[in-house]
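Breakdown of the fold
The lines below spell out each chain.
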Amino acid sequence: MTMRLSFVRSVFLRFMGFVNRSNELCVISLFTVFVTLTIAQIVLRYVFSASIDWADEVSRASFIWMVFIAASRLVQKEGAHITLELLRGKPESVTEKLINIFVNLVIALFSALMIFYGERLMTLNAFTTAPATGFSMAIYQSIFVIFGVLSILSAVTAMLHPTHSLGEDSPI
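Residues numbered from 1 in each chain as written. Predicted model: local features only at pLDDT ≥ 70, side-chain atom pairs only at ≥ 80, totals over all residues. Heavy atoms only, no water.

Some thoughts on the packing of helix 1 (residues 2-47) against helix 2 (residues 55-74)
The condition that has to hold: Helix axes are fitted to C-alpha atoms over the stretch in contact, other axes to C-alpha atoms as well, and angles between N-to-C directions run from 0 to 180 degrees. Helix numbers and strand numbers start at the N terminus; a helix is a DSSP run of H or I with at least 4 residues, a strand a run of E with at least 2. Between 65 and 115 degrees an angle is taken as roughly perpendicular, under 35 as roughly parallel, over 145 as roughly antiparallel, and anywhere else as oblique. We call a crossing left-handed when the near helix sits turned anticlockwise from the far one by less than a right angle, and right-handed when that turn is clockwise. Think of it as three bins: nonpolar holds Ala, Val, Leu, Ile, Met, Phe, Trp, Tyr, Cys and Pro, charged holds Asp, Glu, Lys and Arg, and polar takes everything else, Gly as well.
At their nearest, the axes of helix 1 and helix 2 sit 8 Å apart, and the two run at 155° to each other. In terms of axis orientation, helix 1 runs roughly antiparallel to helix 2. By crossing handedness, the relation of helix 1 to helix 2 is classed as left-handed. Looking at the contact of helix 1 with helix 2 residue by residue, the classes come out as 14 nonpolar, seven polar and four charged.

Quick notes on the pattern of salt bridges
Selection rule: Here a salt bridge means any side-chain nitrogen of Lys or Arg lying within 4 Å of a carboxyl oxygen belonging to Asp or Glu. When accessible area is computed with a 1.4 Å probe and restricted to protein chains, residues below 20% of their type maximum are described as buried, those above 50% as exposed, and intermediate ones as partly exposed.
Throughout the structure, instances matching the rule amount to two salt bridges. When the shortest N-O distance is used, the salt bridge between Arg73 and Glu24 registers 3.9 Å. One end of the pair, Arg73, is in helix 2; the other, Glu24, is in helix 1, with 49 residues separating them in the sequence. Note on Glu24: relative accessible area 41%, which makes it partly exposed. Notably, a salt bridge pairs Arg45 with Asp56, separated by 2.8 Å at the nearest N-O pair.

Quick notes on the layout of surface pockets
Take a probe with the size of a water molecule and roll it over the atoms, and the empty space left behind shows itself. What counts is decided by this rule: Here a cavity means grid points, on a 1 Å grid over the protein atoms only, where a 1.4 Å probe fits yet cannot get out; a pocket means an open set of points with protein on both sides within 12 Å along at least five of seven lines; lining residues are those with an atom within 4 Å of a point. Grid points are joined across faces, edges and corners, and a volume is the space filled by probe spheres set on the points.
Of the pockets and cavities examined, the second largest pocket occupies roughly 190 Å³. Lining the second largest pocket are Glu57, Arg60, Ala61, Ile64, Trp65, Met137, Tyr140, Gln141, Ile143 and Phe144. Among the secondary structure elements, those contributing two or more residues to the lining of the second largest pocket are helix 2, helix 4 (137-141) and helix 5 (143-160). Looking at the lining of the second largest pocket element by element, the count peaks at five residues for helix 2. Its residues placed into classes, the lining of the second largest pocket shows seven nonpolar, one polar and two charged.

Next up, the structure:
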């Protein structure tokens, strides 16, 4: 039984390594889109007195997506979210482990609410289109559900392997 659990745990942690690397690439890509469109829009407006109709909308959406995806990654990094430092003890103490589990359960609960209400918001606005691009607003609002799923995965990772939440040396 213990061997099976350790296998599942190692597979999950390896999967989360892939998810985290994908998140980082996604954040880098979204940041590049955001900066490129914003600079292009500024140059076009002030140098050529023209603009790209959809650039503001796409750059705003890419910024929002970038922030939510990066925030979901920060769930498993130690010190990247609010904790009760006053109650913390030594890193390996029972109090420290209980606080870690409690904080990650609260994050998972909040993330579950984001999934639930994000899906409701997407359903409500499925046929509403964005003014410049014509995309469904549900596409833009799907980040709430994506954020919820990624945050729950990150919270589970932080509970299963708290040493991975210590920072840059972590393989995850």
